[in-house]
Amino acid sequence: MTDAATTAGAGPKDALLAAEDVKMHFPLRGGLLRTVKGHVLAVDGVTLRLRRGETLAVVGESGCGKSTLARVLLRLLEPTGGKVFFMGNDLTTQKLRVVREERKHLQMVFQDPMSSLDPRMTVKNIVAEPLVVHQEPEDRPLGIALLALLTFFHGLCAVSAGLGLFLWAALSEYLVTVPSGLEGIAALFLLGYGLLEVAGSTGLWQLHTWAWWLLLVQYAGALALWFFLGDLILVGASAVLLVYLLAVRKQFASGQDTTNRVLELLELVGLKKEHLNRFPHEFSGGQRQRINIARALALNPDVIILDEPTSALDVSVQAQILNLLTNLQKKLGLTYLFITHDLSVVYHIADRVAVMYAGKIVELGRTEEIFAQPLHPYTKALISAAPVADPSVKVERIVLEGEVPSPIRPPPGCRFHPRCWLAFDACSKTEPRLFDAGGGRLVACFATARDLGMEEIGGPEISAKQKDRRG
């Protein structure tokens, strides 16, 4: 038997992003003690492979678990079971600090462009935020690291000297709480100077430009003070530190560098320089989504998860956003996980399609093959319900009867069988598994396995009487 986990694509170490039997069960609590009464099976055993450079679309009805799956893949939600691999590394076992570093390469564009933007931030700050949050202190230049350490220890020495002088001055005044005279002034000066230096060294270590300016002003002031007091040794030390600061200045990312990067991203998504200092409410829906895309591109990610990025937009704007995503993928070599319920969008943008129903993948394959010859009954119903632009083309609609199963108490066996016109006895008793129907095409359906003569791998063997009765 060909296992679905291996036929879903390359192995976890070869796939860029992979999900292995991922489950997300939300507990239902009730009663006085808030005990668990049940679970919502939002995602229940999903296995996917996302290869570099492709677009994999996840489609299905609202409530089938698509958006929950996206959040689990980013570990915005902790999965109940299964594993998520990114470039061969298991994200589900990593510490959150490591996962946050990995998210530089895994970005997401959310469904509602307005609610995913902070209304109090300008476009410049919104797009620049990932650059600020995901700085890379491990890549700091050696010169800045040495200067930060030197400044830190020098600041500690100044704080210690200030505390010692403060204590000595206090004791000399017979334990007066606040010392007076030059000793007290000198103590307060050393304390303030040392604390500012410790703060500046911390900022240097994290590559903050403000720390460079803080220390520049501080050392320039110290140079002037020691020169006024005539201490040549301290004048020389302050001068050396000033020269060192000026020498490493180019190794900091300036505010102008960040602004230039933001302008580059805005231009990439079709926005202009005059949009830089505007707020989200001043833009249309399509422009807001472009801002979201620019923010997702800020860190040069490998994978972008698109959670229905066009569902809240007008049809004409949808086409613009889809063309933008396609062009960006070609230009930057991006990989997309595209979540949607609009099959017309899927047909034009996706390389492969995964059809999801009630928390499970029921069919997966290349887009052209699935649209030309869907194998699962649910996929057939979805494609038949998609609107056709040409009114002369007559499409036989498949109207599904019954209700979508409850994620709290899903039906036994195949979850689609209460609405399926091809269901037979095995469908209500045994849960079907994904099997390779040929050419890497995966489907989880007993009726399809029976029609293909693959009962031995697609489900339980049906009797000869049942075969005769069903033709």
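Residues numbered from 1 in each chain as written. Predicted model: local features only at pLDDT ≥ 70, side-chain atom pairs only at ≥ 80, totals over all residues. Heavy atoms only, no water.

**Student:** Please clarify how the packing of helix 4 (residues 123–133) against helix 10 (residues 285–297) should be interpreted in this entry.
**Tutor:** With their axes 7 Å apart at the nearest point, helix 4 and helix 10 run at an angle of 30 degrees to one another. With respect to helix 10, the axis of helix 4 lies roughly parallel. Along the contact surface, helix 4 presents V123, I126, V127 and P130, while helix 10 presents I291, A294 and R295. In the contact of helix 4 with helix 10, the residues fall into 6 nonpolar, no polar and 1 charged. (Axes fitted to C-alpha atoms, helices over the stretch in contact; angles between N-to-C directions. Helix = DSSP H or I, 4+ residues; strand = E, 2+ residues; numbered from the N terminus. Parallel < 35°, antiparallel > 145°, perpendicular 65-115°, else oblique. Contact = heavy atoms within 4.5 Å. Nonpolar A, V, L, I, M, F, W, Y, C, P; charged D, E, K, R; others polar.)

**Student:** Is there a simple way to explain the packing of helix 7 (residues 209–229) against helix 8 (residues 232–247) in this structure?
**Tutor:** Two packed helices can be described by the angle between their axes and the distance between those axes. Look at helix 7 against helix 8: their axes get within 9 Å of each other, and the N-to-C directions meet at 155 degrees. On the basis of the axis angle, helix 7 is roughly antiparallel to helix 8. Between helix 7 and helix 8 lies a crossing whose hand is left-handed. Every residue of helix 8 that contacts helix 7 at W212, L215, L216, Y219, A220, A222, L223, W226 and F227 is listed here: L234, V235, S238, A239, L241, L242, L245 and L246. (Left-handed = near helix turned anticlockwise from the far one by under 90°.)

**Student:** Would you mind showing me how to read the packing of aromatic side chains here?
**Tutor:** Inspection of the entire model under this criterion finds 5 aromatic pairs. The interplanar angle of 75 degrees and the centroid separation of 5.7 Å between the aromatic rings of F152 and F153 together place this pair among those described as edge-to-face. Consider the rings of Y347 and F371, whose centres lie 5.0 Å apart with planes at 70 degrees: the pair is edge-to-face. Note that Y347 is positioned in helix 12 (residues 343–349) and F371 in helix 13 (residues 367–372), a separation of 24 residues in sequence. Members of the aromatic cluster, joined through ring pairs, are Y357, Y378 and F416. (Phe/Tyr/Trp six-rings, centres within 6.5 Å; stacked < 30°, edge-to-face > 60°.)

**Student:** I would appreciate a short explanation of the confidence of the model for the chain in the present structure.
**Tutor:** With 86% of its residues at a pLDDT of at least 70, the chain reaches an overall mean of 82. Segment residues 174–179 is flagged for pLDDT under 50; beyond a separation of four residues in sequence, or across chains, it makes 7 contacts in the model. Here residues 460–471 is modelled with pLDDT under 50, and outside its nearest four sequence neighbours on either side it reaches 16 contacts, counting other chains as well. (pLDDT = per-residue confidence, 0-100.)

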